[in-house]
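If you want the building blocks of each chain, they are given just below.
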Amino acid sequence: MTLDQFRPHVQGIVQPVVNLTRKLGLTPNGLSVASFFVSILAGIAFYAGGVVLGVVMVALNAVFDALDGALARDMGVASPRGDFLDHVIDRYADIFIITGIFAGGAASWPIGVFALTGVLMSSYLGTQAQAVGVGRYYGGILGRADRLVLIMIAGVLTILIPGDIYGLNYLGWLLVIFGIFGHYTAFQRFAHVWRNIEDL
């Protein structure tokens, strides 16, 4: 179960922000590109030890990522091209943010690679389901919205309660969680797609 399932319930909160972005003349693709650049800044900030800035940039990435699709639907311009751009940028954002965290010393590179592959494989299987005719599937225990919220929480804890627990700070342990639950989510999505391919 992921935070994505609550999207329909927060429409009343998102819509006023969407209205504001329209008044400001922003475009869905512009928001997607903005999310790309703030994810780069987040990765650089975590790498340089600027956890506060990193958390702020991750929060902005989450906001822009939520708004681009909502704005596209509100404007009636949602398209496969925009969807494709959004997914490419999301994957690069995952790479920049997670790499910045472990390259900045929060965890060793094996833990970082474990986390990164878990995140990328779970995301890949969510969209690959559509490629094989099952339809896009984002089920499983850990989605992108969950990851962004957890990064913000771990970042705040790292700021407020600095220190290590068995050699890792909160962000380091979060990468361990991303690795474990990312690969588990990938397995859940694989199993779902595999079952449904047989039914086609």
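Bear in mind the structure is a predicted one, so any value in this text is a computation, not a measurement.

A. Quick peek at a nonpolar patch on the surface. A cluster of nonpolar side chains, contributed by Val52, Leu53, Val56, Leu60, Val149, Ile153, Val156, Leu157, Ile159, Leu160 and Ile161, occupies part of the molecular surface with about 880 Å² of accessible area. Looking at the nonpolar patch, the elements that each hand over two or more residues are helix H3 (51-75) and helix H6 (144-160). For the nonpolar patch, the element with the highest residue contribution is H6, accounting for 6 residues. In this fold, Leu160 is placed in helix H6. On the basis of relative accessible area, Leu160 is assigned to the exposed category, the value being 64%.

B. Summary view of unusual backbone geometry. With a phi close to 55 degrees, Tyr166 is a non-glycine residue in the positive phi region. Mapped onto the secondary structure, Tyr166 falls in the loop between H6 and helix H7 (170-199).

C. A look at the pattern of salt bridges. For the structure shown, the criterion picks out 7 salt bridges. Across the pair Asp83 and Arg136 runs a salt bridge whose closest N-O atoms are separated by 2.5 Å. With Asp83 in helix H4 (residues 80-103) and Arg136 in the loop between helix H5 (109-131) and H6, this residue pair connects regions lying 53 residues apart in the sequence. The class of Arg136 is partly exposed, set by a relative accessible area of 33%. The partner of Asp94 in a salt bridge is Arg147, and the shortest N-O contact between them spans 3.3 Å. Here Asp94 is found in helix H4, whereas its partner Arg147 is found in helix H6, with 53 residues between them in sequence. On the basis of relative accessible area, Arg147 is assigned to the buried category, the value being 4%.

D. Region of interest: the side chain of Thr158. Within the secondary structure, Thr158 sits in helix H6. A distance of 2.8 Å separates a polar atom in the side chain of Thr158 from the backbone oxygen of Ala154.

E. The packing of helix H2 (residues 28-47) against H4, seen in detail. Interaxial distance between H2 and H4 falls to 7 Å at its minimum, and their mutual angle equals 10 degrees. Relative to H4, H2 is oriented roughly parallel. Between H2 and H4, the contacting residues are Asn29, Ser32, Val33, Ser35, Phe36, Ser39, Ile40, Ala42, Gly43, Phe46 and Tyr47 on the first element and Gly82, Leu85, Asp86, Ile89, Tyr92, Ala93, Phe96, Ile97, Gly100, Ile101 and Ala103 on the second.

F. Quick peek at the environment of Ile159. Take Ile159: it is sitting in helix H6. Once residues within four sequence positions are removed from consideration, Ile159 is found in contact with Val51 and Val52.

G. Here's a closer look at H5. Here H5 is 23 residues long and its end C-alpha atoms lie 32 Å apart, about the 33 Å a rise of 1.5 Å per residue gives. Looking one or two places after H5, you find Gly133, whose phi comes out positive at around 95 degrees.

Conventions used here
- All residue numbers here refer to positions counted from 1 along the written sequence of the relevant chain.
- Residues qualify for local features only when their pLDDT is at least 70, as the model is predicted, and side-chain atom pairs are given and counted only at 80 or more; totals for whole chains, interfaces and linings, by contrast, use all residues.
- The basis for every side-chain value is the complete set of heavy atoms in the structure, and neither hydrogens nor water enter the calculation.
- Like-charged residues within 9 Å of one another, or nonpolar side chains (Val, Leu, Ile, Met, Phe, Trp, Tyr) within 5 Å, are grouped into patches, provided each residue has over 30% relative accessible area and no salt bridge.
- Computed with the Shrake-Rupley method and a 1.4 Å probe, the accessible areas treat only the protein chains shown as cover for residues.
- Any carboxyl oxygen of Asp or Glu that lies within 4 Å of a side-chain nitrogen of Lys or Arg is treated as forming a salt bridge with it.
- Numbering of helices and strands starts at the N terminus; helices are DSSP runs of H or I of at least 4 residues and strands are runs of E of at least 2.
- To sort residues, take the accessible area from a 1.4 Å probe on protein chains only and compare it with the maximum for the residue type: under 20% means buried, over 50% means exposed, and anything in between is partly exposed.
- Counting of polar contacts relies on pairs of N or O atoms within 3.5 Å, with two restrictions inside protein: one atom must be capable of donating a hydrogen and the other of accepting it, and residues adjacent in sequence are counted only when both atoms are side-chain atoms.
- Note on definitions: angles span 0 to 180 degrees between N-to-C directions of axes, and those axes are lines fitted to C-alpha atoms, for helices only across the stretch in contact.
- Between 65 and 115 degrees an angle is taken as roughly perpendicular, under 35 as roughly parallel, over 145 as roughly antiparallel, and anywhere else as oblique.
- Contacts: residue pairs with any heavy atoms within 4.5 Å of one another.
- One less than the number of residues in a helix, times 1.5 Å, gives the span that helix is expected to have.

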